[in-house]
Amino acid sequence: MSRPGLACVVFAAAIGAAAAQHEGFEAADALAERIRNGGWFEPSKWRRGDDGALEVHYFADVGSAEKGRFVPLLGADLERGLANAGAIGFLSLCCHGPGDLLSMTDAGFHFAALGIDASDAGLRQLLGAQLPAFDGPRGRAELLDRLLAIDVLCRRSCKPAVAELGSLAAAAAAPPALRESASRAIAVLRGNPDPVARNRLAAETLRLPAGFDACVLVDHARLPELDWLTALGRRLGALVTASRIAGAGGTPGAAVKNGAQLMCDVVSELPFGVVHRYGNARIDHSCVVITAKPGQRFPFAFTWQAVGAFEHERWQDAAVPAALASNNPLLAGTLTVAADHVFASTDGGLGMPRPALVEKLKLLLDSGDAVRVVVPATSRLWAGLAFAKVPPAEGGELRLVCGEPAVLTAMVAARDELDAEAWVARGKELLAQAKAMLLAELPDAARECHELQDLLDAVFAATFCTKGDAAFATVEVRGMTPAKVRAIAEALAR
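Keep in mind it's a predicted model, so treat the numbers as computed, not measured. (Residues numbered from 1 in each chain as written. Predicted model: local features only at pLDDT ≥ 70, side-chain atom pairs only at ≥ 80, totals over all residues. Heavy atoms only, no water.)

Here the focus is the overall build of the protein chain. A count of helices and strands for the protein chain gives 18 helices and 15 strands. For the protein chain, whose C-alpha radius of gyration is 25 Å, the value lies close to the compact-globule estimate of 23 Å for 494 residues. With respect to the three principal axes, the spread of C-alpha positions in the protein chain is 75 × 65 × 45 Å. A burial count over the protein chain gives 46% of its 494 residues as buried. Pairs at least 24 apart in sequence give 72% of the contacts found in the protein chain among residues at least 6 apart. Only carbon and sulfur atoms are counted for the fraction: they give 58% of the accessible area of the protein chain, which is about 23500 Å². (Helix = DSSP H or I, 4+ residues; strand = E, 2+ residues; numbered from the N terminus. Rg over C-alpha atoms; globule rule 2.2 N^0.38 Å. Buried < 20%, exposed > 50% of the residue type's maximum accessible area, 1.4 Å probe, protein only. Contact = heavy atoms within 4.5 Å. Areas by Shrake-Rupley, 256 points an atom, 1.4 Å probe, with all protein chains shown as cover.)

Quick look at the sheet that holds strand 12 (residues 393-401) now. If you trace the 10 strands from one edge of the open sheet to the other, you get 8-9-7-6-5-11-12-13-15-14, paired in antiparallel fashion. Of all the strands in the sheet, just strand 8 (334-337) and strand 14 (463-467) have a single pairing partner and so form its edges. Averaged over neighbouring strand pairs, the angle between their axes works out to 15° when direction is ignored. Relative to strand 15 (residues 470-477), strand 14 runs antiparallel, the two being bridged by 5 bridges. Paired with Thr-466 across the two strands is Ala-471, which belongs to strand 15. Helix 15 (residues 417-441) rests against strand 12, strand 13 (406-414), strand 14 and strand 15 of the sheet, and its axis sits at about 170° to strand 14. (Pairing = 2+ DSSP bridges. Axes fitted to C-alpha atoms, helices over the stretch in contact; angles between N-to-C directions.)

Across all of its chains, the model carries 3 aromatic pairs by this definition. Centre to centre, the rings of Tyr-278 and Trp-315 are 5.4 Å apart; their planes meet at 25°, and the pair counts as stacked. Taken together, the residues span a long stretch of sequence, with Tyr-278 in the loop between helix 11 (254-277) and strand 6 (281-292) and Trp-315 in helix 12 (residues 312-315) at a distance of 37 residues. According to the relative accessible area criterion, Trp-315 is buried, its value standing at 16%. Pairing Trp-382 with Trp-423 gives two aromatic rings, centres 6.3 Å apart and planes at 75°, and the pair type is edge-to-face. With Trp-382 in the loop between strand 11 (371-376) and strand 12 and Trp-423 in helix 15, the pair connects residues that are 41 residues apart, well separated along the chain. Accessibility classification places Trp-382 together with Trp-423 in one group, the buried group. For Arg-235, the ring lying beneath its charged end belongs to Trp-40, and the centroid distance is 4.0 Å. Across from the ring centre of Phe-472, 5.4 Å away, lies the NZ or CZ of Lys-467, which sits over that ring. (Phe/Tyr/Trp six-rings, centres within 6.5 Å; stacked < 30°, edge-to-face > 60°. Lys NZ or Arg CZ within 6 Å of the ring centre and 35° of its normal.)

With that settled, the discussion passes to the pattern of salt bridges. With the rule as written, the count across this model stands at 28 salt bridges. Here Asp-77 makes a salt bridge to Arg-277, at a shortest N to O gap of 3.5 Å. Placement of the pair is Asp-77 in the loop between strand 3 (69-72) and helix 3 (79-84) and Arg-277 in helix 11, with a sequence separation of 200 residues. With a relative accessible area of 31%, Arg-277 lands in the partly exposed category. A salt bridge links Glu-397 to Arg-372, with the shortest nitrogen-to-oxygen separation between them at 2.9 Å. Highlighted residues: Glu-397 in strand 12 and Arg-372 in strand 11, separated in sequence by 25 residues. Like Arg-372, Glu-397 is buried. Shared partners join several salt bridges into a network, and the residues in it are Arg-200, Asp-219, Arg-222 and Asp-366. (Salt bridge = Lys/Arg side-chain N within 4 Å of Asp/Glu carboxyl O.)

With that settled, the discussion passes to empty space enclosed by the protein. As enumerated under the stated definition, the model contains 1 cavity of 30 Å³ or more in all. For the largest cavity, the calculated volume is near 110 Å³. What lines the largest cavity is a set of 16 residues, among which Arg-200, His-285, Leu-365, Asp-369 and Arg-372 lie closest to the centre. For the lining of the largest cavity, the elements supplying multiple residues, two or more each, are strand 5 (214-219) and strand 11. A total of 3 residues in the lining of the largest cavity trace back to one element, the largest contributor, which is strand 5. Across the lining of the largest cavity, the residue classes tally to 7 nonpolar, 3 polar and 6 charged. (1 Å grid on protein atoms, 1.4 Å probe; cavity = no way out; pocket = protein on both sides within 12 Å on 5 of 7 lines; lining within 4 Å. Points joined across faces, edges and corners; volume = space filled by probe spheres on them. Nonpolar A, V, L, I, M, F, W, Y, C, P; charged D, E, K, R; others polar.)

In this structure the tally under the stated criterion is 0 disulfides. Here Cys-94 stays free of any disulfide, with the sulfur of Cys-95 as its closest cysteine sulfur at 6.3 Å. With a relative accessible area of 31%, Cys-94 lands in the partly exposed category. The structure places no disulfide on Cys-154, whose sulfur is separated from the nearest cysteine sulfur, that of Cys-158, by 10 Å. (Disulfide = S-S within 2.5 Å.)

Of all the positions in helix 4 (residues 86-94), only Ile-88, Gly-89 and Ser-92 are classed as buried. For helix 4, the angular spread of buried residues about the axis comes to 105°, placing them on one side. Of the surrounding elements, those touching the buried residues of helix 4 are helix 10 (229-248) and helix 11. (Arc of directions from axis to C-beta.)

Turning next to the pairing of strand 13. On a regular strand, one side chain projects to one face of the sheet and the next to the other, so that they alternate. Pairing geometry for strand 12 and strand 13, over 7 bridges, is antiparallel. Considered in strand 13, the bridge of Gly-396 is made with Val-412. The turn joining strand 12 and strand 13, which pair antiparallel and follow one another in sequence, is formed by 4 residues; a positive phi near 155° is taken by Gly-403.

Buried residues of helix 8 (residues 162-169): Val-162, Glu-164, Leu-165 and Leu-168, and no others. Along the long axis of helix 8, the arc covered by the buried residues comes to 160°, so they all point the same way. Buried residues in helix 8 make contact with helix 6 (120-128), helix 7 (136-155) and helix 9 (176-189).

Put into structure tokens, the structure is as follows:
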């Protein structure tokens, strides 16, 4: 929570006893219970600024609605959005599933704030309306509204929208991005192959340090749709903030609710704000390289490189606010964006192409995985398993295949067949110990969550085997929908 948000909570605790005497105030416990039941802190007031940014009526810092004013939800230069988006917010910026960055916007929230009907009929009406000029920053925001509407209708398989999409695709006055998006959606809605060609990283250009401790490769087209993540982040933010307010006690007033609601909402709008300010991005294949840096302020350095399609001209002036960069090592590095690839580093390290190392570790092996984690034999991460009393390893991998079922496989390359058997035996023991410890520590809300119990049952039913000098553990998870993920996350956040 940012300093203004924290100040609101402290203020609420200080005046709680006095405020309780006033009719209409809501005790902290009652407020928290209302949030847990699906409510929000307040019905916010919204408008779009002349610069196209979504603005909210804000008065948490001045104490009364009469003194409030409209401010950009994401703050100046996105500072509030980046400071308060949390882990899910940052994940939404770099892990888009098969869609693009714009598609990660919480469309239901975004359109509701603008007073746009987000039903199929409402979005078709938006697309069928007379096109604005699309001039300047506000015009760009209106263009992004329509691109987001196309994406939503396409994901909903709204085939009647082909009528409006056809008109847009043929409209000479429409910007190229709008015509191209409409044409792609028509193809998808008609059951034709997606015309967008996906790119993959290449051994000749993949930059690596001489030594690293782990490598995470993501084939984004093989991930499930992840557009629901930002809505989940907004809900979890509300639950966590409500718990903190309940812990402070007293009777929080309208200013506290106003500040708390703003802090929850930023994650929903952050993808749209980043696209509006800098540019859209579609990531096809990405690689995160992790290098341990013992003894330094932040014990790991990261490089991130990806191929796809990027509005690179707009990204050239991208800069993280200085205050955020000084407090968050993940935001203090460098970023280079080209039309078809990006490269980022937290410590300024560039690495270099090492095709022989890529081949040796089979980093770019196309085995159908959505996510593949490679831990080489030289990784310092193996030292973290010393407590487990397992044999030495010659390397390891973690693979995730999305589908029905989703399959997670862990593999350890041992020195020989006997060590592989030892890994399997110890793995079974550790899983049993983890099960006992976890079940003993689960809070009541989590125990009552059937979706979580189903997931744990699948994890604890992992199968183990050996193949030569390799040991394997496999988990299969069936029926894991976004709704079930949300139920599990909410149960753990209560």
